[in-house]
Amino acid sequence: MRPAARPSCAMLWVVVATVAALGILAVIAERHWPFTRADIIRDLQEQSGGSVQLASFRQTYFPHPGCIAEGVTIRRKGDQSSPPFITMRRLTVVGSYPGLFAKRVAQIRAEDMHVVVRHGGGSEASGVVMPGVSANSKAAIGEIIADGAQVEIDSQTPGQQRSEERRVGKEGRSRWS
């Protein structure tokens, strides 16, 4: 019987160097990961000018980097008693590993989003909400999908109770009331 061959010293060094390099990359990625709860809240607040709350949040790493926020609520800054002007059941941000270096987000999906726009008194939502991309960044977004989105135009004229609502979704339905 032949004794089992021992791995060469060079092979052992290759394995150790590979594990060390992967560890260093993991630490760097964790420190500069763009899809943290704090980063998404900051980006949503910068884009909307409002105060943001998330019911739950989780980061995704495989197969694509990104995050999923559920129960997203955006209210006027400083007025937590007012009704939200933007709500989303789920907000999913999907990136790619090469996109992390190129500042590119592949897809943003807002499910069951409801936006209230004040008619006549100006929009409470003064800007377009682009999570994962701050207002001053040069990041690009490949695709924005709003499944089951509703835009409600609320009349602020005294004595007038008219509200218009537009639904956008997979079926492309619309409803005006």
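**Focus: the overall build of the protein chain**
Counting its regular elements, the protein chain contains three helices and eight strands. Listing the helices and strands of the protein chain from first to last along the sequence gives α-α-β-β-β-α-β-β-β-β-β. Within the protein chain, the proportion of its 177 residues that are buried is 34%. Partitioning the contacts of the protein chain with sequence separation of at least 6, the portion at a separation of at least 24 is 52%. Roughly 11,400 Å² of accessible area belongs to the protein chain as shown, and the carbon and sulfur atoms make up 59% of that amount.

**Remarks on the nonpolar core**
Residues Leu 54, Val 72, Ile 86, Met 88, Leu 91 and Met 113 are the most contacted members of the largest nonpolar core, which totals 23 residues. Put simply, the parts of the chain that give this core at least two residues each are helix H2 (37-48), strand E1 (50-60), strand E2 (66-76), strand E3 (86-95) and strand E4 (104-111). Non-local contacts of Met 113, meaning those with residues more than four positions away in its chain, are made with Ile 86, Thr 87, Met 88, Ala 146, Asp 147, Gly 148, Ala 149 and Gln 150.

**Structural notes on the confidence of the model for the protein chain**
Taken residue by residue, the protein chain gives an average pLDDT of 78. The fraction at 70 or more is 70%. Taken element by element, the protein chain is modelled with least confidence in strand E8 (residues 163-168), mean pLDDT 54, and with most confidence in E3, mean pLDDT 96. Segment residues 121-128 is flagged for pLDDT under 50; beyond a separation of four residues in sequence, or across chains, it makes eleven contacts in the model. For residues 170-177, every residue scores under 50 in pLDDT, and the model assigns this stretch 14 contacts once sequence neighbours within four places are set aside.

**Structural notes on a nonpolar patch on the surface**
Taken together, the side chains of Met 11, Val 14, Val 15 and Val 19 present a nonpolar region at the surface, about 360 Å² in accessible area. Checked against the element boundaries, Met 11 lands in helix H1 (residues 9-31). Given a relative accessible area of 47%, Met 11 falls into the partly exposed group.

**Some remarks on the pairing of E4**
Relative to E4, E3 runs antiparallel, the two sharing six bridges. Of the residues in E4, the one forming a bridge with Val 94 is Gln 107. Note: E4 against strand E6 (residues 140-147), seven bridges, orientation parallel. Looking at E6, one finds that Arg 109 is bridged to Ile 145.

**Looking at the pattern of salt bridges**
If you walk through the whole model with that rule in mind, you get eight salt bridges. The salt bridge involving Glu 111 is made with Arg 90; its shortest N-O contact spans 4.0 Å. Of the two residues, Glu 111 sits in strand E4 while Arg 90 sits in strand E3, which places them 21 residues apart along the sequence. Judged by relative accessible area, Glu 111 falls into the buried class, the value being 14%. Taking the shortest distance from any N to any O, the salt bridge between Arg 109 and Asp 147 comes out at 2.5 Å. Of this pair, Arg 109 sits in strand E4 while Asp 147 sits in strand E6; the two residues are 38 residues apart in sequence, bridging distant segments of the chain. Each of the salt bridges in this network shares a partner with another, and the network as a whole consists of Glu 70, Arg 89, Arg 90, Glu 111 and Asp 112.

Criteria and cut-off values
Residues numbered from 1 in each chain as written. Predicted model: local features only at pLDDT ≥ 70, side-chain atom pairs only at ≥ 80, totals over all residues. Heavy atoms only, no water. Helix = DSSP H or I, 4+ residues; strand = E, 2+ residues; numbered from the N terminus. Buried < 20%, exposed > 50% of the residue type's maximum accessible area, 1.4 Å probe, protein only. Contact = heavy atoms within 4.5 Å. Areas by Shrake-Rupley, 256 points an atom, 1.4 Å probe, with all protein chains shown as cover. Core = buried A, V, L, I, M, F, W, Y, C linked by side-chain atoms within 4.5 Å. pLDDT = per-residue confidence, 0-100. Patch = residues over 30% accessible without salt bridge, like charges linked within 9 Å, V, L, I, M, F, W, Y side chains within 5 Å. Salt bridge = Lys/Arg side-chain N within 4 Å of Asp/Glu carboxyl O. Pairing = 2+ DSSP bridges.

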